[in-house]
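# Structural overview for review
The chain contents come next:
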2 protein chains.
Amino acid sequence: MTLDAVVNNETFAQFRKRSVQRTESVLGALLPSAHILPARLHDAMRYSTLGGGKRIRPLLVYATGACLGVPLEHLDRPAVALEMIHAYSLVHDDLPAMDNDDLRRGQPTCHRAYDEATAILVGDALQAQAFQVLAELGWGVPAEWQVQMLATLAQASGSRGMVGGQAIDLAAVGHELALPALEQMHLHKTGMLIRCAVQLALCAAGIGEKESKGAALLLRYADRVGLAFQVQDDILDEIGDLQQTGKAQQGADRSRNKPSFVTLLGLVEAQNYARRLLDEALEALQSWQTEADHLRALARLIVERNK
Amino acid sequence: MTLDAVVNNETFAQFRKRSVQRTESVLGALLPSAHILPARLHDAMRYSTLGGGKRIRPLLVYATGACLGVPLEHLDRPAVALEMIHAYSLVHDDLPAMDNDDLRRGQPTCHRAYDEATAILVGDALQAQAFQVLAELGWGVPAEWQVQMLATLAQASGSRGMVGGQAIDLAAVGHELALPALEQMHLHKTGMLIRCAVQLALCAAGIGEKESKGAALLLRYADRVGLAFQVQDDILDEIGDLQQTGKAQQGADRSRNKPSFVTLLGLVEAQNYARRLLDEALEALQSWQTEADHLRALARLIVERNK
């Protein structure tokens, strides 16, 4: 199978392009216009959300939905809600009191382009809007599944999910972490939101996590992909092309004394680890036929990307 | 009618005490224990939420529910979700990039007691948990009403609600605001969350806002009470006893050149205005009998409080 395996007459490259376009068009439609008061806040929300990005989480929602036969229009709001949570977390992570980053995707970070107070409020408002987007689905999903989506997103975002991972990460700067502790941190910081992408698509398909063997396998796929994503991120932080990654500095994690898979395992072993996680992700998809080909291609993309 | 009018064999003072106790006990049970990792984050979440406070929003949820005949245990999670949103907003408002406050209720603010990064994450995690608390109601409310509660809370919290009001407030520092603009700011910053308290109780009672004349009147009550609350806050900022309010300084709004009802109207006119808003709030309740007595007493409490 190549990256351009065809599902429903569409190559992965085409599917990916379409997913990113859908994500950005729905984000643009759902975010308040910069003409609506408070204009500066809304402008900054759009700046922080519409300025590019890989849109990996929405893509995973769409690819899982495609595998389960869910119409893409039923996945738009779950995909965009997840991306809003991700975008808010980047805005807050970049703040001076956190990572103190000046650049994000080659552009000034929100607090640099606006100011620190605005960046705090942008993150707060994006989080609220993520939940609003899911609470106003507007298609015929049973309300019980909608509630399940909201609960899942809240769990994945909160103190025992993404925010908790960020707290563990901050506490770890300057400390040695063993591999299990590093994995635990990433499981929370990025893993739970990636897992949430699959969970939201399962809800949209009306499939309960506990009742279906397929659901368990898809979640296993998500967990391996989530970890592989982070390992590859650490690899790119070390060796990535600054033009491609949009970062200000190579080896930023190392110079900040942040624990990473590269500092812990060395570059070659980290690359082997990413490859092993990819194999395990693909293995979890064994019982599916071609309908899972976009998921397979997405897993490869995550490990083989250069930005 | 006095403050101690009796509803269901209970005076308002008793009802208020019971509501505050319920709020704090449910908050304590739903917030992750400080023994759960990340421990420092959870400790700081509890510090910021359980350290006192008037619990006005939960009290309004309970009092509206009592007026509508909703069992109090059906109101616990809506009340607590609202209080978590309120608590997160205080933690973020106190940050150096925002109001830069060292004290809250006489205690060090979250970023003073912990650190700035932790305070940002505490706010983020409390917001996620507020939605989680509503998404995991656990009693037999129809899922449609639960979704409605979540949508209402998200709208009231976001860029066209509380966060938007905070953005307008920040932009207004050092500027002259006319009364309508000041009211508009407060309508967002505090008003929508207070209105949300009534809306959540209406959802718990299964009453649609648009279908019921009673709902419109209760919302009118909420809007007048919300504004009165802010007018009284400004009055207390000017003349309140520091021991009672727990603030570091009297006249802080004035010295920061923050627009307030007192700087705009003068003290006496601001007091008259609060009284007029109270009268309008009470007028909105005219069609109810004694079942609305706690709501009436609450409106009085808001205007007559000294902290």
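Source: prediction; values computed, not measured.

What counts, and at which threshold
Residues numbered from 1 in each chain as written. Chains lettered and ligands numbered in written order. Predicted model: local features only at pLDDT ≥ 70, side-chain atom pairs only at ≥ 80, totals over all residues. Heavy atoms only, no water. Salt bridge = Lys/Arg side-chain N within 4 Å of Asp/Glu carboxyl O. Helix = DSSP H or I, 4+ residues; strand = E, 2+ residues; numbered from the N terminus. Buried < 20%, exposed > 50% of the residue type's maximum accessible area, 1.4 Å probe, protein only. Phe/Tyr/Trp six-rings, centres within 6.5 Å; stacked < 30°, edge-to-face > 60°. Lys NZ or Arg CZ within 6 Å of the ring centre and 35° of its normal. Core = buried A, V, L, I, M, F, W, Y, C linked by side-chain atoms within 4.5 Å. Contact = heavy atoms within 4.5 Å. Least-squares fit on C-alpha atoms with pLDDT ≥ 70 in both. Polar contact = N/O pair within 3.5 Å; in protein donor to acceptor, adjacent residues only side chain to side chain. Nonpolar A, V, L, I, M, F, W, Y, C, P; charged D, E, K, R; others polar. Axes fitted to C-alpha atoms, helices over the stretch in contact; angles between N-to-C directions. Parallel < 35°, antiparallel > 145°, perpendicular 65-115°, else oblique. Left-handed = near helix turned anticlockwise from the far one by under 90°. Expected span 1.5 Å × (residues − 1). Disulfide = S-S within 2.5 Å.

To continue, consider the pattern of salt bridges. Residues and elements named next belong to chain A. Across all of its chains, the model carries 26 salt bridges over all chains by this definition. With a closest N to O distance of 2.7 Å, Asp115 and Arg40 form a salt bridge. Highlighted residues: Asp115 in the loop between helix 5 (110-113) and helix 6 (116-135) and Arg40 in helix 2 (residues 39-50), separated in sequence by 75 residues. A relative accessible area of 26% places Asp115 in the partly exposed class.

The next thing to look at is the packing of aromatic side chains. All names here are of chain A. Under the defined criterion, the tally for this structure stands at five aromatic pairs over all chains. A ring pair is formed by Phe261 and Tyr273, whose centres lie 5.9 Å apart and whose planes are at 50 degrees; its orientation type is tilted. With Phe261 in helix 13 (residues 261-265) and Tyr273 in helix 14 (residues 267-284), this residue pair connects regions lying twelve residues apart in the sequence. The buried category is assigned to Phe261, whose relative accessible area is 0%. Using a relative accessible area of 9% as the deciding quantity, one classes Tyr273 as buried. Sitting over the face of the ring of Phe229, Arg305 holds its NZ or CZ atom 4.2 Å from the ring centroid.

The next subject is the nonpolar core. By size, the foremost hydrophobic cluster in this structure holds 204 residues, and its most contacted members are Leu153(A), Tyr221(A), Leu298(A), Leu153(B), Tyr221(B) and Leu298(B). Filtering out sequence-adjacent residues up to four positions away, Leu298(B) remains in contact with Phe12(B), Ile56(B), Leu59(B), Leu60(B), Ala63(B) and Tyr221(B).

Let us look at the relation of the copies chain A and chain B. Between chain A and chain B, the superposition needs a rotation of 180 degrees and an axial shift of 0.0 Å, giving an RMSD of 0.0 Å. Here the symmetry operator amounts to a two-fold rotation axis. Closest to the rotation axis within chain A is the C-alpha of Ala143(A), separated from it by 2.6 Å. Most of the interface of chain A is mirrored in chain B, where 100% of its interface residues again form contacts.

At the junction of the two partners, chain A supplies 42 residues and chain B supplies 42 residues. Between the two partners, chain A and chain B, sit zero salt bridges. Our enumeration of links across chain A and chain B arrives at ten residue pairs in polar contact (both at pLDDT 80 or more). For the side of chain A that touches chain B, the secondary-structure elements that each account for two or more residues are helix 2, helix 4 (76-93), helix 6, helix 7 (143-157) and helix 8 (162-172) of chain A. No other element matches helix 6 of chain A, which puts twelve residues into the side of chain A that touches chain B. In the side of chain A that touches chain B, the residues fall into 25 nonpolar, twelve polar and five charged.

So, on to the packing of helix 10 (residues 213-239) of chain B against helix 14 (residues 267-284) of chain B. Residue and element names in this part refer to chain B. The contact between helix 10 and helix 14 brings their axes to 8 Å, and the two run at 160 degrees. By the criterion of interaxial angle, the relationship of helix 10 to helix 14 is roughly antiparallel. Helix 10 and helix 14 meet at a crossing whose hand is left-handed. Taken together, the residues of helix 14 that come into contact with helix 10 (itself represented by Leu217, Arg220, Tyr221, Arg224, Val225, Leu227, Ala228, Val231, Ile235 and Ile239) are Leu267, Ala270, Gln271, Tyr273, Ala274, Leu277, Glu280, Ala281 and Ala284. Taken together, the residues of the contact of helix 10 with helix 14 break down into 15 nonpolar, one polar and three charged.

All names here are of chain A. With their axes 10 Å apart at the nearest point, helix 1 (residues 12-30) and helix 15 (residues 293-304) run at an angle of 80 degrees to one another. Classified by the angle their axes make, helix 1 and helix 15 are roughly perpendicular. Listed contacts from helix 15 to Phe12, Phe15 and Arg16 of helix 1 are His294, Ala297, Leu298 and Leu301.

Helix length check: helix 7 of chain A, at 15 residues, gives a terminal C-alpha distance of 21 Å against a target of 21 Å (1.5 Å per residue), a fit within 8%. Among the 15 residues of helix 7 of chain A, eleven are classified as buried, and the element is accordingly described as predominantly covered. What helix 7 of chain A keeps buried is the set Ala143(A), Gln146(A), Val147(A), Met149(A), Leu150(A), Ala151(A), Thr152(A), Leu153(A), Ala154(A), Ala156(A) and Ser157(A). Along its buried surface, helix 7 of chain A packs onto helix 4, helix 6, helix 8 and helix 9 (179-204) of chain A together with helix 6 (116-135) and helix 7 (143-157) of chain B.

Attention shifts here to the side chain of Gln132(A). Inspection of the secondary structure puts Gln132(A) in helix 6. For Gln132(A), a relative accessible area of 15% puts it in the buried group. Apart from the residues lying within four places of it in its own chain, the contact partners of Gln132(A) are Ala154(B) and Gln155(B).

Moving on, we come to the side chain of His111(B). Residues and elements named next belong to chain B. When you line up the elements, His111 lands in helix 5 (residues 110-113). For His111, a relative accessible area of 10% puts it in the buried group. Not counting residues up to four positions away in its chain, the partners in contact with His111 are Asp94, Leu95, Pro96, Asn100, Asp101, Glu116 and Ala119.

Right, let's talk about helix 4 of chain A for a bit. For helix 4 of chain A, built from 18 residues, the straight-helix expectation of 26 Å at 1.5 Å per residue is met to within 8% by its first-to-last C-alpha distance of 26 Å. Burial within helix 4 of chain A is extensive, with 18 of its 18 residues counted as buried.

So, about the environment of Gln146(A). Residue and element names in this part refer to chain A. Inspection of the secondary structure puts Gln146 in helix 7. The buried category is assigned to Gln146, whose relative accessible area is 8%. Expressed as a C-alpha distance, the spacing of Gln146 and Phe15, which sit 131 residues apart in the sequence, is 26 Å. Reaching out from Gln146, the side chain makes a polar contact with the backbone oxygen of Leu134 at a distance of 3.0 Å.

Residue and element names in this part refer to chain A. A cis amide bond links Leu37 with the next residue in sequence, Pro38, at an omega value of -5 degrees. Turning to its location among the elements, Pro38 is positioned in the loop between helix 1 and helix 2. Phi at Arg55 takes a positive value of approximately 55 degrees, unusual for a residue other than glycine.

What follows is about the state of the cysteines. Simply put, the disulfide is a covalent bond whose two ends are the sulfur atoms of two cysteines. Following the criterion strictly, the structure yields zero disulfides over all chains and no others. For Cys196(A), which is in no disulfide, the shortest distance to another cysteine sulfur is to Cys203(A) and amounts to 8.4 Å.

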